[in-house]
Amino acid sequence: MPLIECRKLTRSFKKGTSEIKPLDELDLDLEAGAFVALMGPSGSGKTTLLNLIAGIDRPTSGTLTVGGVEIGGLSRGALAAWRSEHIGYIFQLYNLVPVLTAYENIELPLLLHDLTKAERHAKVSTALELVGLVDRHDHFPRQLSGGQEQRVAIARAIVASPTIIVADEPTGDLDGQSALQIMDLLKRLNKELQKTLVMVTHDPKSAAVADRVLHLEKGRLVGEPDAVTAG
Ligand SMILES: Nc1ncnc2c1ncn2[C@@H]1O[C@H](COP(=O)(O)OP(=O)(O)OP(=O)(O)O)[C@@H](O)[C@H]1O
Ligand SMILES: [Mg+2]
């Protein structure tokens with residue numbers, strides 16, 4: 001059974017009297033351990049799909065099953081708990097808390113879990129080591145380069161050992177060299193730590209690092225052999 005299963009997954013918004021449908025009856029299976037790049041024009045529904053998979057948003061209709069759990073069927077509280085256990089989210093603009101150090105930013109998701117300070121310290125240290133920023137642990141975001149900020153954000157995304165990492169244009173704001181470093185790191189998370197990765201990107205070089213590339217257009221998958229095409 002696939003880890004992530006979308007069936008006729010639809011998200012729509014009412015706008016006055018009309019309706020926009022960023023996701024339109026999408027069918028998709030993603031296996032555990034997959035590294036998937038999601039591409040497509042602006043407004044094609046990439047972030048919408050990512051937010052559904054991450055449990056930040058809910059489908060309007062259709063089903064989304066992750067690890068056997070139907071996300072749409074969870075209560076608000078259950079969804080929040082599910083998210084903190086299973087999802088790590090990486091954003092284009094890092095979304096670090098400016099008044100917290102690198103260490104404290106990484107520690108943040110762990111505060112949702114029942115851990116002692118020593119247990120949190122061990123996990124934050126491991127994450128800092130993984131992203132190569134042990135020597136920057138007491139720096140504030142403004143004292144870091146963009147690439148370093150993104151590495152802190154990656155450490156924060158993985159510190160609670162989630163099953164799935166979603167990344168929305170993680171290299172979108174970085175220079176080529178830093179982007180390469182970030183892609184190397186994501187590849188390692190996938191290959192060495194067996195994290196399932198779903199990454200939105202506009203950059204073909206970044207997409208090439210993934211094992212599978214999906215193209216979204218107007219809320220539907222295109223060009224995939226198993227994609228459901230319009231008609
Ligand atoms: N909460 C919302 N309310 C109303 N419309 C929304 C909402 N979220 C997304 N949309 C609309 O859904 C469509 C798809 O948005 P989405 O953010 O998924 O696109 P995207 O593929 O990520 O684009 P980009 O590459 O620009 O980030 C857009 O037309 C957007 O305006
Ligand atoms: Mg987007």
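Look up: the structure comes first, before these words.
Residues numbered from 1 in each chain as written. Chains lettered and ligands numbered in written order. Predicted model: local features only at pLDDT ≥ 70, side-chain atom pairs only at ≥ 80, totals over all residues. Heavy atoms only, no water.

J.: Got a minute to help me understand the overall build of the protein in this structure?
T.: Along the backbone of the protein there are 7 helices and 10 strands. Relative to its full complement of 231 residues, the protein shows a buried share of 48%. A separation of at least 24 residues holds for 70% of the contacts in the protein among residues at least 6 apart in sequence. Per element, the accessible surface of the protein, about 11,200 Å² overall, is 53% carbon and sulfur. (Helix = DSSP H or I, 4+ residues; strand = E, 2+ residues; numbered from the N terminus. Buried < 20%, exposed > 50% of the residue type's maximum accessible area, 1.4 Å probe, protein only. Contact = heavy atoms within 4.5 Å. Areas by Shrake-Rupley, 256 points an atom, 1.4 Å probe, with all protein chains shown as cover.)

J.: How do you make sense of the packing of helix α5 (residues 146-158) against helix α6 (residues 176-191) when you look at a structure like this?
T.: Helix packing for two helices is described by the angle between their axes and how far apart those axes are. At a minimum axis distance of 10 Å, the contact between α5 and α6 shows a crossing angle of 15 degrees. In terms of orientation, α5 lies roughly parallel with respect to α6. In the packing of α5 onto α6, the handedness of the crossing is right-handed. Of the residues in α6, those in contact with Gly147, Gln150, Arg151, Ile154 and Ile158 of α5 are Ser178, Gln181, Ile182, Leu185, Leu186 and Leu189. Of the residues that constitute the contact of α5 with α6, the class distribution is 6 nonpolar, 4 polar and 1 charged. (Axes fitted to C-alpha atoms, helices over the stretch in contact; angles between N-to-C directions. Parallel < 35°, antiparallel > 145°, perpendicular 65-115°, else oblique. Left-handed = near helix turned anticlockwise from the far one by under 90°. Nonpolar A, V, L, I, M, F, W, Y, C, P; charged D, E, K, R; others polar.)

J.: Mind showing me how you'd approach the sheet that holds strand β3 (residues 35-39) here?
T.: Sheet strands pair via backbone hydrogen bonds, and the direction of the pair is either parallel or antiparallel. Sheet architecture is open: 6 strands sit in the order β6-β7-β8-β3-β9-β10, paired in mixed fashion. A single partner strand is all that each edge strand has here, and the edge strands are β6 (87-90) and β10 (220-222). Put simply, the sheet's adjacent strands are angled 25 degrees from each other on average, direction ignored. Bridge count between β6 and strand β7 (residues 164-168): 4 bridges; the pairing is parallel. Residue pairing in the sheet places Ile90 in a bridge with Ala167 of β7. Its contacts with the sheet put helix α2 (residues 76-86) on β6 and β7, and the angle it makes with β6 is roughly 75 degrees. Lying over the sheet, α5 contacts β6 and β7, oriented at roughly 170 degrees with respect to β6. (Pairing = 2+ DSSP bridges.)

J.: When you look at the packing of aromatic side chains in this model, what are you seeing that I'm missing?
T.: Taken as a whole and judged by the stated rule, the model has 1 aromatic pair. With 4.5 Å between their ring centres and 5 degrees between their planes, Tyr89 and Phe91 make a pair best called stacked. We classify Tyr89 as buried; its relative accessible area is 11%. Judged by relative accessible area, which is 28%, Phe91 ranks as partly exposed. (Phe/Tyr/Trp six-rings, centres within 6.5 Å; stacked < 30°, edge-to-face > 60°.)

J.: I'm lost on the nonpolar core in this one. Help?
T.: Within soluble globular proteins, side chains that are nonpolar tend to cluster in buried spots. If you look at the biggest cluster of nonpolar residues, it comprises 37 residues, and the most contacted ones within it are Ile106, Ile154 and Leu186. With residues up to four places along the chain from it excluded, the contact list for Ile154 reads Ile90, Val131, Ile182, Leu185, Leu186 and Leu189. (Core = buried A, V, L, I, M, F, W, Y, C linked by side-chain atoms within 4.5 Å.)

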